[in-house]
Amino acid sequence: MSDERVSEASSGEERGGGRAEPSHGDAVGAHSPSTSPQRRSTIFFLPPHHHHHHLPPFSVYVASQPTPPTRNPVRVAPASLAWRRKHALKCEDSFFFPREKSGLNLCSRSDNMKKFNIRKVLDGLKEASSSSSSTFSSSSAPSVQVGPQDNHLVQENLQSEHFQLCKLIPPLHHRRNLMHLGTGTKTVRHGFPYQPSSMAFDPVQKILAIGTQRGALRLFGRPGVESYCQHESEAAVIQLQFLINEGALVSALADDTVHLWNLRQKRPAILHSLKFSKERITFCHLPFQSKWLYIGTERGNVHIVNVESFMLSGYVIMWNKAIELSSKAHPGPVVHISDNPMDEGKLIIGYESGIVVLWDLKSKKADYRYTYDEAIHSVAWHHEGKQFTCSHSDGTLTIWNVRGQGKPIQTITPHGKQPKDGKKPEPCKPILKVEYKTTRIGEPFIILSGGLSYDTVGRRPCLTVMHGKSTAVLEMDYPIVDFLTLCETPYPNDFQEPYAVVVLLEKDLVVIDLAQNGYPIFENPYPLSIHESPVTCCEYLADCPVDLIPALYSVGSRQKRQGYSKKEWPISGGNWGQGTQSYPEIIITGHADGTVKFWDASAMMLQVLYKLKTAKVFDRNRSKEDKGSTEVSDEDPFAIQLMTWCPESRMLCVAGVSANIIIYRFSKLEVTTEVVQLLEVRMQYELNDMESPEGGSGEQTSAGASPQTSGPPSHPSTSSNNSDGSNMPCLKVRSTQLKQSPGYQVDLVVQLVWVSGEPPHQITSLALNSSYGLVVFGNSNGLAVVDYIQKTIVLNMATVELYGSNDPYQRQPRSPRKSRQPSGGLCDINEGSATSEDRCKSPTSAAVIMHAQDGAKMSRKLSLPTELKPDLVLLSVCPPRGANPLDHRDNSFSRSRSSSVTSIDKEAKEALLSFQFCETFARKGDSTLSPCLYVGTSLGSVMALAIMLPPAGEQRQLQPVILSPTGMLIRLKGSIMRLAFMDSAGSLLPPANDPWFEPNVSVDGEEREKVRKRRPVSVSPSSSQDLNEGQYAVACSEKQAKVLSLPTQTCIYKHSITETSFILRADVVQMSNGVCLACFCANGHIMTLSLPGLRPLMDVNYLPLTDMRIARTFCFTNLGQAMYMCSPTEVQRITYSQDTCENLQEMLGELFTPVETPEAPNRGFFKGLFGGGAQSLDREELFGELAAGRASRSLAQHMPGPGGIEGMKGAASGVVGDLARARIALDERGQKLGELDERTAAMMASADSFSKHAHDMMLKCKDKKWYQF
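Residues numbered from 1 in each chain as written. Predicted model: local features only at pLDDT ≥ 70, side-chain atom pairs only at ≥ 80, totals over all residues. Heavy atoms only, no water.

Asks: Lay out the pattern of salt bridges with the relevant residues and their values.
Replies: Enumeration according to the criterion identifies 25 salt bridges in this entry. As a salt-bridge pair, Glu1130 and Arg218 come within 2.8 Å of each other at their nearest N and O atoms. In this pair, Glu1130 is assigned in strand 61 (residues 1130-1137) and Arg218 in strand 7 (residues 216-220), connecting sequence segments 912 residues apart. For the residue pair Glu1130 and Arg218, the accessibility class agrees, reading buried in each case. Notably, a salt bridge pairs Asp360 with Lys346, separated by 2.8 Å at the nearest N-O pair. Separated by 14 residues along the polypeptide, Asp360 in strand 19 (residues 355-360) and Lys346 in strand 18 (residues 343-351) bring together distant segments of the chain. For the pair Asp360 and Lys346, one class covers both residues: buried. Connected via shared salt-bridge partners are Glu539, Arg978, Arg1065 and Asp1067. (Salt bridge = Lys/Arg side-chain N within 4 Å of Asp/Glu carboxyl O. Helix = DSSP H or I, 4+ residues; strand = E, 2+ residues; numbered from the N terminus. Buried < 20%, exposed > 50% of the residue type's maximum accessible area, 1.4 Å probe, protein only.)

Next comes the structure, spelled out in structure tokens:
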């Protein structure tokens, strides 16, 4: 073979992601290729391409490479060769797919590529080569240097077929990207429907439906039975109507479409749609047990739709014929339609201007017209059909007799002041809706929303319940969107017997018990309180210890409020799913008011377990002078920014936006803490103070940063900019005793204090280890390690000191800052301050911060994500460093990794973004495992600190913990997002942890120490390994991932995850078959890589980043689960596990259950005899095609929905799918037979008619002669 070909192949391997040759910046002390005497061969498959005309198609070339001694045959996981070749060729338009567009994940290619899987072709070639030659088998994978003596490649069990991304119906513009995955409702969405707009209730099935302004549809049954659907147009849902007890729902949208949803399947889908083109829809009405839907329009006309075929009837009620000469002007849009409860042939139509028409459907004319000089908002019938009530814009209710024209028989102003001289009361706010419900015993209920007098400024929205002579005004926390009265009967012509009112508020759902005095509310069992305070951060843990959820529930059950209704929750339809997923899952949410909520997320449900209020630790009674001196946001000073949790020991640590850290222990006993223990930390480092690598000079270095363990100092009354530099925390810890209920109890508070008139920088990373008794946190200045057992600070060190003398950045000393830097963090970005281009940038590599003039004050302001700003941007996925200019527009990696770093003056601060405790090799060449802390920075450096722990027992209480930096291991492009460790077999090494013990067993603590001594210490699984075996360290940055072999500290795998975008979240997760690295990219891609081989397994363009809330709350967890806040009020859970996707159908609940419709009310003997009962109407005679003809085709367009027979074909799989397909085939056959039967019947009728006419003609002409014709 020619040298030219060999050199080209070798250089391609060096460029690619296969074996990472040690180079500058990759690893410290990496072995050179020339140090190994042995050589081996590597096979290259080069595809035909115009860049390689000198090579024959698919030639096999063998290049010689250095190879360490091998002990076992090398096992290459599938697809690795294809991926290595992609990086080697670097041809965007080559045979291999482009890097960013698909990541070579064939499942995200277009539909015409689905059946051709090049991965299997290459795997087949690779397997053939491995079986034919052991030399080729060992050379078909990159070399792995695990240790000085041993060299294995880990058997990786995870394959691409183990991954599939599933979520609920994605929006239309994302759906094309998921076509290969199968669309439809996947996993679940929890929380309150964001921006609700309408509501409906099925009184027989007992299902509640809520529509939103974004076209979403949420359906609620019994607790744990929920469903989410999405209209493709994403237009606002203006009205919902159930086909009662039919398992169907009609939705009317603001884009003038009407849809019919099938609820008889686990994933509701649209059966039919109708798009109006000439008129705007304003109101819909579907009578009980009718198939004809009345649709009112903005022009004042009423159209009628057959809900079975979704075709328009030719019967139209035109506005001019309805009002005739009663009004000279147009009556306005239709605001109400309903039929008379006692006579289905009489239809009442309410127009906005104040005109009400009683329309006779049979005679096609108006029987009566009722005129009032105020606009109408709603109409309600009395169940006997003799009276109706209207609500008006001036806050009045008018009650009318059906047969009495002219004036209403009664006018009521519920909240108006009645003048003594008999004049009209003062006008009030509009009554937006009224309902009139009757009871067999007692007075009727009149329930209304709105109508308050204008002088009640600042009064909260109210629901008014008028029952007899009593009027109850129920104040609500948020504006009322809609309300419904729940009644015992679905029949409108019977006594209604109301028992509850469902009130839909802008941010809450309230159900009021009408049957009890005082109208108490029902305790809401749905997880609708996620947004009670805006969510600022999330954590998601799957497969946690089984005793955790019962323990949290037992302490959380004591926190429940009293005074709820004692009746069962009235929305009780549907059935739970029969899922087999049994592992416990917990979601933790941190909130803007300082609360932390624990949620049970097992079995695709969500239920709050426990609520922790961290603000109790601090003194809320700040004076005005103190408020002016703190410079912290007065809106949310207690907001949670970061959380870390050890499920085994139940230790919890939270970091707040005010630069405070609180460490909690879990206890089942109540305790009163006399004094909250406090540590104050100074973390402010100036580069001109760092004169030597040791950092021994200067008061602000670790040597001079002795913490204060006494109580917090009193706040100076002067302004912060004028302060004399005295220590001052952002929040004042309470000095009085603190009563702590069972649950999480504060153990220690750590606060960063102001230094030289500057506030502390926000905390950017946090980690806790229960086995070592340490908490570590970092910001843009450095890191601090706290021993929470001894309540001391064991390390306070600047980032530059971690490098020692090997700092790769030549940082120049500079003078102290004159003006305080913006604190970054969770910032409220004003509309004009950042362009859309800026918002898409990495918050860590190019932080988006508020523009400010030099010397201008900038406070940390935590923006509320629940504000109704659709384009609100919340920052700090990984909170940015202090001074990071907006001018860094180069997302592709602005901080050059070359030796001549020229932009280092702009990057004076290097934030610490990732920590990982582990028992591993502290230094290069170590032969024993020891406790270590690995640190990742915003400039891509990974460094290690060795931890020396005192012996357990009394010595641990007395002797200090010593941490010593061991230098930098490796550098990556972009900020470090995640660090993890694996043993030599490829298993994930969790940090060492202790089991939970009761901390409050005795007052003197002796008994507690006995418990600590006799309990087993859980250590890392690596300690059971052969000490000669190595480990793998996994580091993932915004741009790439690398795997190091320990203790040699050699980079053995690297993979460039993205070039043009950046990673927002990365987690190393345990799947059922192995370990993988899961990444969520800012361009919307969700990717998984095998470990340790970094073999791409899945790459799906899922959801482009439109809101920083998604980035801030996105979490991956074990067993293929993930979640994020898709809106300020809702949690979206997704799965990327194929196993879970296959079981989803069984795990989802059933919305529709077969229930018999209640019997119709008995008419009675005399009513039947004298015709006083309800009058039925054959609507088919009036509205059918034979009687009314067809409607104009230009008026509305019919569109069959995907939920019909055609749409069900792709939803089924496996045995269930075969049955479903058989059922679909039967349905299709039955449908065709039905159509054939109808056609045959029509032909027979036509033949009979022709025969009759022919017979009549024959009789008429049989006696005539031929000349008489």
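Asks: Describe the sheet that holds strand 38 (residues 660-667), listing the residues and the values that go with them.
Replies: Strand order in the open sheet formed by five strands is 36-37-38-42-40, and the pairing between neighbours is mixed. In this open sheet, the two edge strands, each paired with only one partner strand, are strand 36 (640-646) and strand 40 (678-681). Along the sheet, successive strands turn relative to each other by an average axial angle of 20°, direction set aside. Looking at chain direction, strand 36 and strand 37 (residues 651-656) are connected through six bridges and run antiparallel. Across the sheet, the residue bridging to Thr644 is Cys653, located in strand 37. Most of the contacts of helix 8 (residues 548-556) go to strand 38, to which it runs at about 95°, and overall it touches strand 36, strand 38 and strand 42 (743-752). (Pairing = 2+ DSSP bridges. Axes fitted to C-alpha atoms, helices over the stretch in contact; angles between N-to-C directions. Contact = heavy atoms within 4.5 Å.)

Asks: An account of helix 15 (residues 1138-1147) is requested, with residue identities and associated values reported.
Replies: Looking only at helix 15, the buried set comprises Gln1138, Thr1140, Cys1141, Leu1144 and Met1147. Backbone nitrogen of Asp1139 and a side-chain oxygen of the N-cap are separated by 3.3 Å at the start of helix 15; the cap is Ser1137. (Polar contact = N/O pair within 3.5 Å; in protein donor to acceptor, adjacent residues only side chain to side chain.)

Asks: Which residues make up the pairing of strand 55 (residues 1063-1070), and what are the values?
Replies: The buried fraction of strand 55 is high, at seven of eight residues. Of the strand pairs in this sheet, strand 55 and strand 56 (residues 1075-1081) are connected by seven bridges, and their pairing is antiparallel. Along strand 56, the bridge assignment pairs Ile1063 with Cys1081. Hairpin connection, strand 55 to strand 56: the antiparallel pair is bridged by four residues.

Asks: A description of the sheet that holds strand 53 (residues 1040-1046) should follow, citing residues and the corresponding values.
Replies: The antiparallel open sheet is built from four strands, whose spatial order is 51-52-53-54. Each end of this open sheet is capped by a strand with a single partner; those strands are strand 51 (976-983) and strand 54 (1050-1056). Put simply, the sheet's adjacent strands are angled 15° from each other on average, direction ignored.

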